[in-house]
Amino acid sequence: MKGGKPLVGEVTVSGAKNAALGILAASVMTDEDVRIENLPDVRDINVMLDAIAEIGARVSRLDAHTVVINGGPIDECCVESENMKRIRASYYLIGALLGRFCTANVPMPGGCDIGSRPIDQHLKGFRALGADCRIVNGKVLADAERLRGSHIFLDIVSVGATINIMLAACLAEGRTIIENVAKEPHIVDVANFLNSMGAEIKGAGTDVIRINGVKRLHGTVYSIIPDQIEAGTFMFAAAITKGDILVKNLIPKHMEAISAKLIEMGCEILEFDDAIRVVGTERLRAANIKTLPYPGFPTDMQPQAGTALSLAKGTSILTESIFESRFRYLDELTKMGAEVRVEGNTAIITGVEHLSGASIQACDLRAGAALVLAGLSADGITTVSDIRYIQRGYEHFEQKLQSIGASIELAEDDRASMKFLLSAV
Ligand code: EPZ
């Protein structure tokens, strides 16, 4: 990519990846047709769909964003797919299969390498519902004669554990109360989806979720909410490139922590019913940012924010309080001229006026997106490698960026890279 040009125009946000992953897993909990709309067309989603098909569900992709799933023919609660070991959300099949069939055999989850990422809270929840859970040869084996509602207090606010326990508890006998749960927008979306299948879940989006177990779930038609993090990434794209972007198809309420920081940093924010326009400023102002569970500033926006701070006037303190290894992109930013000192889970960033193009490496999904934005603001040419990480969760990222004026190409090999370089100089 060739940087230095403000990004200007309109961009439309796709469906929420992390909601879709929970919803796809939940769709195997009935033997009726489930139609899911506004599905993001990204790699992690396709891996999940393949795994669902492998255990016997009928998966009909009507188009890139619509799928009909029928879990009737499922005859296998043992997930073998090699790819499932690479994504985090494979763990949702434990909750879904355990809920419906009282047994699940699923590889330990993979996903972006951003910290230790244990699943003890998931297992604690399943055990409280009466399941026997063991980890054997890299797989989670969960079995129960029947699941019974329980009162569960999570030790840590966890998105994955909240959704997973909610899945299993929907079909447990009696009432489950889960306390200290995560409140992210996708928790609410998965709960709404399950309720549309006949589940009785109350309180999603608050600290306590109450579930009355039902005997069975039925088919539904459901459209996934817009992706909060994709929306936030484009909002920061305007700030980082001094651009002016109307980000369409988002829920402004979900963006409050992000909008507030952008305002503090000197951007102008104009809010509409389902869109936000971000007008960048000649020079951003330094700010202190700490990641927290929703409604705090999202950890999945930390690299995009760190990139913006690396260009802000003054010194900022960026604190990552959710995952311990989410600062690796800062080494790459340093190669572009950023001034950063990391001490534990805190980065002290002194903004520079310009970054300069370099060859850098995406180290995970959000870091990859942030480094692309850094490259688009930088002087000269930047090459970001390992973009497979970005493709896990951003739909047509480079095309959306091109549509708002970015000079960026997907280079399949060194030759394509060289061709871009020659055309850009
Ligand atoms: C989800 O991961 C998302 N992944 C992540 O998105 C996101 O960063 C994260 O939530 C936080 O918002 C999916 O939805 C597939 P957690 P998850 O359980 O569920 C600790 C992206 O870029 N913990 O909320 O794995 C954990 O170590 C990705 O799209 C336990 O100790 O996150 C972490 O410190 C990356 N024990 C904290 O809780 C557990 O049993 C929060 O993790 C579970 C979690």
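Because the structure is predicted, anything quoted here is derived from the model rather than measured.

A. How the structure looks around the sheet that holds strand 9 (residues 175–179). Read across the open sheet, the four strands follow the order 8-9-11-10; overall the sheet is mixed. Here the strands that pair on one side only, and so sit at the sheet edges, are strand 8 (151–153) and strand 10 (200–202). Strand-to-strand, the axes of this sheet are offset by a mean angle of 15°, without reference to chain direction. Strand direction decides the pairing type here: strand 10 and strand 11 (residues 208–212), joined by three bridges, are antiparallel. Considered in strand 11, the bridge of K202 is made with R210.

B. Region of the structure containing the pattern of salt bridges. On inspection of all chains with the given rule, the structure shows 21 salt bridges. A salt bridge links E32 to R216, with the nearest nitrogen and oxygen atoms 2.7 Å apart. In this pair, E32 is assigned in the loop between helix 1 (17–26) and strand 2 (33–37) and R216 in the loop between strand 11 and strand 12 (220–223), connecting sequence segments 184 residues apart. Between R35 and E37 there is a salt bridge whose closest N-O contact spans 2.7 Å. Using a relative accessible area of 32% as the deciding quantity, one classes R35 as partly exposed. Several salt bridges converge on common partners, so that one network encompasses K17, D44 and R392.

C. Structural context of the sheet that holds strand 19 (residues 346–350). Spatially, the four strands line up as an open sheet ordered 16-17-19-18, and their pairing is mixed. Each of the sheet's edge strands pairs with one partner strand only, and the pair in question is strand 16 (289–290) and strand 18 (339–343). Taken strand by strand, helix 9 (residues 302–309) contacts strand 16, strand 17 (315–319) and strand 19, and its axis lies near 170° from that of strand 17.

D. Focus on the site of the ligand. Close to the ligand lie 23 residues, the nearest being Y91, S158, V159, D300 and I322. At 2.7 Å from an oxygen atom of the ligand is found a side-chain nitrogen or oxygen belonging to Y91. In the model, an oxygen atom of the ligand is placed 2.6 Å from a nitrogen or oxygen of the S158 side chain. In this structure, the ligand is accommodated by the largest pocket. Mapped onto the shell around the ligand, the elements with two or more residues apiece are helix 1, helix 4 (120–128), helix 5 (159–170) and helix 11 (365–377). At three residues, helix 4 tops the list of elements feeding residues into the shell around the ligand. For the shell around the ligand, a count of residues per class yields ten nonpolar, six polar and seven charged. There are two domains that each give the shell around the ligand at least three residues, and those are domain 1 (8–14 + 226–424) and domain 2 (17–223).

E. Region of interest: the nonpolar core. If you look at the biggest cluster of nonpolar residues, it comprises 80 residues, and the most contacted ones within it are L24, I36, M48, L93 and L194. The greatest single-element share of this core, amounting to eight residues, is contributed by helix 5. Beyond its immediate chain neighbours, meaning those up to four positions away, M48 contacts L21, L24, A25, M84, I87, A89 and L93.

F. Quick peek at the environment of V340. Relative to the helices and strands, V340 is located in strand 18. Take V340: its relative accessible area is 24%, and that puts it in the partly exposed class. Sequence spacing of V340 and E145 is 195 residues, and the spatial spacing of their C-alpha atoms is 54 Å.

G. Looking closely at the domain arrangement of the chain. Partitioning the chain into structural domains gives domain 1 (8–14 + 226–424) and domain 2 (17–223). With centres defined by C-alpha atoms, the gap from domain 1 to domain 2 works out at 30 Å. Each side of the interface is counted separately: domain 1 has 23 residues, and domain 2 has 24 residues. Across the interface of domain 1 and domain 2, roughly 1,900 Å² is buried in total on both sides, 52% from carbon and sulfur atoms. Interface area lost by domain 1 to domain 2 is led by Y294, R392 and E395, which between them contribute 37%. Run the count over domain 1 and domain 2 and you get one salt bridge. Salt-bridge contacts for D44 lead to R392; the nearest nitrogen and oxygen are separated by 3.1 Å. Where domain 1 meets domain 2, there are seven residue pairs in polar contact (both at pLDDT 80 or more). Of all the secondary structure elements, the ones that give two or more residues to the side of domain 1 that touches domain 2 are helix 11 and helix 12 (388–391). Across the side of domain 1 that touches domain 2, the residue classes tally to seven nonpolar, six polar and ten charged.

H. A look at the layout of surface pockets. Empty space within the largest pocket amounts to approximately 980 Å³. Lining the largest pocket are 42 residues, and of these R117, V159, G160, I322 and F323 lie nearest its centre. At the level of elements, helix 1, helix 4, helix 5, helix 7 (228–240) and helix 11 are the ones that each hand at least two residues to the lining of the largest pocket. In the lining of the largest pocket, the residues fall into 20 nonpolar, eleven polar and eleven charged.

I. A look at the environment of L194. Tracing the sequence through the fold places L194 in helix 6 (residues 185–196). Judged by its relative accessible area of 0%, L194 falls in the buried class. In sequence terms L194 and M29 are 165 residues apart; their C-alpha atoms lie 9.3 Å from each other. Apart from residues no more than four positions distant in its own chain, L194 is found in contact with A26, M29, M166, L167, C170, A199, I201 and L217.

J. Broad picture of the packing of aromatic side chains. Under the criterion given, the structure shown has five aromatic pairs. Ring centres 6.4 Å apart and planes at 85° place the aromatic pair F236 and F297 in the edge-to-face group. Separated by 61 residues along the polypeptide, F236 in helix 7 and F297 in the loop between strand 16 and helix 9 bring together distant segments of the chain. Owing to a relative accessible area of 5%, F297 belongs among the buried residues under this scheme. Residue placement shows R388 over the ring face of Y389; its charged tip is 4.7 Å from the ring centre.

Cut-off values and rules
- The residue count restarts for each chain, going from 1 along the sequence in the order it is written.
- This being a predicted model, a pLDDT of at least 70 is required before a residue's local features are given, and a value of 80 or more before pairs of side-chain atoms are given or counted; all residues contribute to the totals for chains, interfaces and linings.
- In computing side-chain values, all of the structure's heavy atoms are included and hydrogens and water are not.
- Criterion used throughout: strands pair if DSSP finds at least two bridges between them.
- Only DSSP runs of H or I reaching four residues or more are called helices, and only runs of E reaching two or more are called strands; each is numbered from the N terminus.
- Every axis corresponds to a line fitted to the C-alpha atoms, with the helix fit spanning only the stretch in contact, and the corresponding angles, defined between N-to-C directions, vary from 0 to 180 degrees.
- Any Lys or Arg side-chain nitrogen located within 4 Å of an Asp or Glu carboxyl oxygen qualifies as a salt bridge.
- Per-residue accessibility, obtained with a 1.4 Å probe over protein chains only, is compared with the maximum for each type, and a residue is labelled buried under 20%, exposed over 50%, and partly exposed between these values.
- It only takes one pair of heavy atoms within 4.5 Å for two residues to be counted as in contact.
- The near set for a molecule or strand comprises every residue that places at least one heavy atom within 4 Å of it.
- We define a polar contact as two N or O atoms separated by no more than 3.5 Å, with the added condition that, inside protein, one atom must be a possible hydrogen donor and the other a possible acceptor, whereas residues neighbouring each other in sequence contribute only through side-chain atom pairs.
- Whether a set of points on the 1 Å grid over the protein atoms alone is a cavity depends on a 1.4 Å probe fitting there but being unable to get out, while an open set qualifies as a pocket with protein on both sides within 12 Å along at least five of seven lines; lining residues are those with an atom within 4 Å of a point.
- A pocket or cavity is taken to hold a molecule when more than half of that molecule's atoms are within 2 Å of the pocket's grid points.
- When residues are grouped by polarity, Ala, Val, Leu, Ile, Met, Phe, Trp, Tyr, Cys and Pro land in nonpolar, Asp, Glu, Lys and Arg in charged, and all others, Gly among them, in polar.
- Where each domain starts and ends follows an automatic or database-derived domain assignment.
- Take the buried Ala, Val, Leu, Ile, Met, Phe, Trp, Tyr and Cys residues and link them wherever side-chain atoms come within 4.5 Å; each set so joined is a nonpolar core.
- The term buried area denotes the loss of accessible surface (1.4 Å probe radius) that occurs when two parts are joined, taken as the sum for both partners.
- Grid points are joined across faces, edges and corners, and a volume is the space filled by probe spheres set on the points.
- Between 30 and 60 degrees the pair is tilted, below 30 it is stacked and above 60 it is edge-to-face, where a pair is any two Phe, Tyr or Trp rings, Trp via its six-membered ring, whose centres lie within 6.5 Å.
- In this scheme, Lys NZ or Arg CZ marks a charge over a ring once it lies within 6 Å of the ring centre and within 35 degrees of the ring normal.

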